[in-house]
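Coordinates in review
As a plain string of letters, each chain reads:
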Amino acid sequence: INHIVHNGGLYKRPFNEAFEETPMLVAVLTYVGYGVLTLFGYLRDFMRQWKIEKCQNATEREEQKDFVPLYQDFENFYNRNLYMRIRDSWNRPICSVPGAKVDMMERVSHDYNWTFTYTGRVIKDIINMGSYNYLGFAQKAGACQEAAAKVLSQYGAGVCSTRQEMGNLDKHEELEKLVARFLGVESAMAYGMGFATNSMNIPALVGKGCLILSDELNHASLVLGARLSGATIRIFKHNNMQSLEKLLKDAIVHGQPRTRRPWKKILILVEGIYSMEGSIVRLPEVIALKKKYKSYLYLDEAHSIGALGPSGRGVVEYFGLSPEDVDVMMGTFTKSFGAAGGYIGGKKELIDYLRTYSHSAAYATSMSPPVVEQIITSVKCIMGEDGTTIGRARVQQLAENTRYFRRRLKEMGFIIYGNEDSPVVPLMLYMPAKIGAFGREMLKRNIGVVVVGFPATPIIESRARFCLSAAHTKEMLDTALKEINEVGDLLQLKYSRRRLVPLLDRPFDETTYEETED
């Protein structure tokens, strides 16, 4: 049963998002699988210790044996005994543009994935179901490529200075004005790295005496930025508004620990699309709570900008909301725009403050001019300012591809997480042996996929993550679906019993709250 939310008029459109419960037998077998792997891991460590098996992992020299280990014991154990078995599923070398199809260098391992050897052969025309190329702007021909090449010949590849010194180009100014217009905000600032946009700017906005309320599934860049800020961090359950409201009430009623003084600021951190769950933030409810309790909202639109909304303006447009209701609008250029870097948009006072106090602005080298031009050209294409309707057509094509692909996978019997409009499509694998097997079998059939396991996901929720693109044709999607169906039958991955558990109806457990202080 799909869960459609209207919630007292907050939603102007149906919000269809549901998660299917893990079958009990599958959960038990997954734990048993990890248990067997762990037992064999300890056995192999014993054999390595007594020189029965060759030890290939990095170890301390004899004179350092009494030192504190550089790595935590379990991390090291997991890497050499579990991750190493399926290491060939990651870091595969691509030797082409990450478009709808890619070319991949073939490699083999003769020592169970400890080392790899390149055969010299290139695997051609692999259907790319893993890159964040949502609107298909990662291409080697077309208006974006021509504009970037022209700017490269005029400005060169690097700037060799920060924005505050000799690295502020007219192209940077043009980009920021364009991004502000695209987002519908007063001002915007661009940064050279998406991860650093979060991790370096959150500490500039909050500090000691402030409270951060963070979704439990927020990206590592948001988590790092929150930790670096020195603010108190409290976690609310993923997309659970009852959990968020309880934390807001408690924060206002009780104030800071020990002193009971009011918090200087309360900042809510959320993402537009969660890149592992495929879920979309319940933004109308978050904004309603933010206004009710007089807090601030920081929205990370890394995966949603360009990919959601009738004209690609992200999750704010998707819900028909005003950009003024979001205090800090953050996003990246690395996905829908086929470039690199990130941005922050908002009121002019906010951006002027960040220009002075943000570490990314003060210490990081300016964005490369060809990269800036790639973003300018792609944004103008999306907005229709290039005189064509190509951009809007790509946004619509992505939406059609997303709904079609998700519907077909569900019909086949796979457990699929997330929102029906999210171009991030997680297909649940669960068992550790099936992580590597799925990736290898798909590659044999010329389909490139991303498989994800612990620690990026909970230990029993391993998955394959498909990222759809406007560049995918229906023929490509049908080919991929046919092969996924075959591999699903081969590996027995069709776990679905159509028992969907709506996110709002998940059991609410106060013990999930965490509090981090100085």
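Residues numbered from 1 in each chain as written. Predicted model: local features only at pLDDT ≥ 70, side-chain atom pairs only at ≥ 80, totals over all residues. Heavy atoms only, no water.

1. A short note on the pattern of salt bridges
On inspection of all chains with the given rule, the structure shows 35 salt bridges. Residues Glu53 and Arg44 are paired through a salt bridge, measuring 2.9 Å at the closest nitrogen-oxygen approach. Under the relative-accessibility criterion, Arg44 is labelled partly exposed at 25%. Here Glu385 and Arg181 are joined by a salt bridge, their closest N and O atoms 2.5 Å apart. Taken together, the residues span a long stretch of sequence, with Glu385 in the loop between helix 12 (369-383) and helix 13 (390-412) and Arg181 in helix 4 (residues 170-183) at a distance of 204 residues. Looking at Glu385, the relative accessible area reads 38%, which means it is partly exposed. By relative accessible area, which is 47% here, Arg181 ends up partly exposed. If you follow the salt bridges from partner to partner, you end up with Glu441, Lys444, Arg445, Lys482, Glu483 and Glu486 in one network. (Salt bridge = Lys/Arg side-chain N within 4 Å of Asp/Glu carboxyl O. Buried < 20%, exposed > 50% of the residue type's maximum accessible area, 1.4 Å probe, protein only. Helix = DSSP H or I, 4+ residues; strand = E, 2+ residues; numbered from the N terminus.)

2. Details of the pairing of strand 9 (residues 266-271)
With 6 of its 6 residues buried, strand 9 lies for the most part within the structure. Side chains of strand 9 alternate between two faces, with Ile266, Ile268 and Val270 and Leu267, Leu269 and Glu271 buried alike. For strand 7 (residues 211-215) and strand 9, the ladder comprises 4 bridges, and the chain directions are parallel. Bridging across to strand 9, Ile212 finds its partner in Leu267. Of the pairings in the sheet, the one linking strand 9 to strand 10 (residues 296-300) comprises 5 bridges and is parallel in character. Note that in strand 10 the partner of Val270 across the bridge is Leu299. Handedness of the crossover joining strand 9 and strand 10 through helix 8 (residues 283-292): right-handed. (Pairing = 2+ DSSP bridges. Right-handed = clockwise from strand over helix to strand, strands pointing away.)

This is a description of form; function is not addressed.
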